[in-house]
Amino acid sequence: MEKEGYLVRLVSRLPTDGDAPPLEIALTPRGVAADANVELTGIGAVLRPRGDVLRIQQVVPNGGAADAGLGPGDAIVAIDGTRVTELGFDRATGAIRGLEGTTVTLRIRRGDRELDIVVVRKLVRI
């Protein structure tokens, strides 16, 4: 969905039936962020599925992932205690998105160790 002069904003909602949360689409006047194409609420990271993880390819400056110290090469193993392999890519990315200001706990694999990192979801313009 696009409309000239507006940014598309994707807002995930909490799941209602155990599946991926429904998605709300809203429009924001482009003047707010002339260089952006899309707004969404999440951790501010570009993710790619790789085997049993979601690999962070890039982080958005001032996003929750950057603030939490995540970076390219980090691998998300679990989201709020549920393994990425159990969720699948679509449900995993849906679980990472959420309401602005809420948090998500990510189990990160860095090299040969794993650690839990709490990340604040923020409005991100890309």
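See the structure printed just above.
Here's what I pulled together on the structure shown here. (Residues numbered from 1 in each chain as written. Predicted model: local features only at pLDDT ≥ 70, side-chain atom pairs only at ≥ 80, totals over all residues. Heavy atoms only, no water.)

**Topic: unusual backbone geometry**
Among all residues save glycine, negative phi is the norm, and among peptide bonds the norm is trans. Positioned with a positive phi, asparagine 62 is a non-glycine residue whose angle comes to about 70°. One can find asparagine 62 in the loop between strand S5 (53–59) and helix H1 (64–67). Not every positive phi belongs to a glycine, and aspartate 80 is a case in point at roughly 50°. Its location among the elements puts aspartate 80 in the loop between strand S6 (75–79) and strand S7 (82–83). (Helix = DSSP H or I, 4+ residues; strand = E, 2+ residues; numbered from the N terminus.)

**Points about the environment of threonine 93**
Tracing the backbone through its elements, the reader meets threonine 93 in helix H2 (residues 84–96). According to the relative accessible area criterion, threonine 93 is buried, its value standing at 14%. The spacing of threonine 93 and leucine 47 is 46 residues in sequence and 8.3 Å in space, taken between C-alpha atoms. A distance of 3.0 Å separates a polar side-chain atom of threonine 93 from the backbone oxygen of aspartate 90. (Buried < 20%, exposed > 50% of the residue type's maximum accessible area, 1.4 Å probe, protein only. Polar contact = N/O pair within 3.5 Å; in protein donor to acceptor, adjacent residues only side chain to side chain.)

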